[in-house]
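# Structural overview for review
The chain contents come next:
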Amino acid sequence: MGTLDATRLPQPDLAAVEIQAVLQCLADPVRLQIVRLLTDQGEAPCGGLDLPVKRSTVSHHLRTLRESGLVETHLRGNTRVSRVRRAELDGRFPGLLASILDAPAALPAPVPAPAADPDDAVAAGPDGTGPGGGR
């Protein structure tokens, strides 16, 4: 049990993982943040990730990431340490993880609606209720 393989938790073979499963897994904002943190830190235990959710929730998300093939988890004593399977993922889906991780964290501001058509203003009165007003 001294080797890394003996202490690695079960994970799928990436050759069998479909891109839809990876994208669905990363669609969750907490899981995406976990992958970003693990990418920056290299590896970390559940309690070593600074997230705005309970530790049990982080543990659940790490399990989901592992079962989806994104993260590898191994035991170090009594601690489960996780890391992103970056090289393997880049081999299976070239550029995918880099594109997702490099994308802005928030969506851009919505584009304002176009100005109202001046011809539509004829149908409304001064108070906007109809021709001549609503009284």
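Scroll up to find the structure.
Attention here is on the structure that accompanies the text.

This part covers the sheet that holds strand E2 (residues 71–76). Each strand in a sheet pairs with another by means of backbone hydrogen bonds, the pair being arranged parallel or else antiparallel. Spatially, E1-E3-E2 is the arrangement adopted by the three strands of the open sheet, whose pairing is antiparallel. Since the sheet does not close on itself, it has two edges, and those belong to strand E1 (44–45) and E2, each with one partner. Across the sheet, helix H3 (residues 29–41) is in contact with E1, E2 and strand E3 (79–84); its angle to E3 comes to roughly 90°.

What follows is about the side chain of Ser-82. Within the fold, Ser-82 resides in strand E3. Within polar-contact distance, the side chain of Ser-82 engages the side chain of Thr-73 at 2.9 Å. What Ser-82 contacts, discounting residues up to four positions off in sequence, is Leu-38, Gly-42, Glu-43, Ala-44, Leu-62, Val-71, Glu-72 and Thr-73.

Because an α-helix packs 3.6 residues into every turn, residues spaced three or four apart end up facing the same way. End to end, helix H4 (residues 55–67) covers 18 Å across 13 residues, agreeing with the expected 18 Å (1.5 Å per residue, within 8%). When H4 is considered as a whole, its buried residues turn out to be Val-58, His-61, Leu-62, Thr-64, Leu-65 and Arg-66. At its buried positions, H4 is contacted by helix H2 (19–26), H3, E2 and E3. Once H4 finishes, Gly-69 follows within two positions and takes phi at roughly 90°, a positive value.

Two side chains of opposite charge can pair, provided their charged atoms sit close to one another. Within the structure shown, the criterion is met by six salt bridges. Of the charged contacts in the structure, one is a salt bridge between Arg-83 and Glu-72, with a shortest N-O distance of 3.1 Å. Here the residue Arg-83 occupies a position in strand E3, and Glu-72 occupies one in strand E2, the gap between them amounting to eleven residues. Where Arg-86 meets Asp-90, a salt bridge forms, and the shortest distance between an N and an O atom there is 3.2 Å. Highlighted residues: Arg-86 and Asp-90, both in helix H5 (residues 86–92), separated by four residues, approximately one helical turn. The class for Asp-90 is partly exposed, based on a relative accessible area of 29%. Each of Arg-8, Glu-72 and Arg-83 takes part in a single network of salt bridges with overlapping partners.

Given a rise of 1.5 Å per residue, 13 residues ought to cover 18 Å, and the 18 Å separating the end C-alpha atoms of H3 matches this to within 8%. Listed as buried for H3 are Val-30, Arg-31, Leu-32, Ile-34, Val-35, Arg-36, Leu-37 and Leu-38. Turning to H3, the residues buried within the fold contact H2, E1, H4, E2, E3 and helix H6 (96–102). The N-cap of H3, judged by a side-chain oxygen 2.9 Å from the amide nitrogen of Val-30 a few residues on, is Asp-28. At the C-terminal side of H3, Gly-42 shows a positive phi close to 90°.

The rules behind these values
- Residues numbered from 1 in each chain as written.
- Predicted model: local features only at pLDDT ≥ 70, side-chain atom pairs only at ≥ 80, totals over all residues.
- Heavy atoms only, no water.
- Pairing = 2+ DSSP bridges.
- Helix = DSSP H or I, 4+ residues; strand = E, 2+ residues; numbered from the N terminus.
- Contact = heavy atoms within 4.5 Å.
- Axes fitted to C-alpha atoms, helices over the stretch in contact; angles between N-to-C directions.
- Polar contact = N/O pair within 3.5 Å; in protein donor to acceptor, adjacent residues only side chain to side chain.
- Expected span 1.5 Å × (residues − 1).
- Buried < 20%, exposed > 50% of the residue type's maximum accessible area, 1.4 Å probe, protein only.
- Salt bridge = Lys/Arg side-chain N within 4 Å of Asp/Glu carboxyl O.

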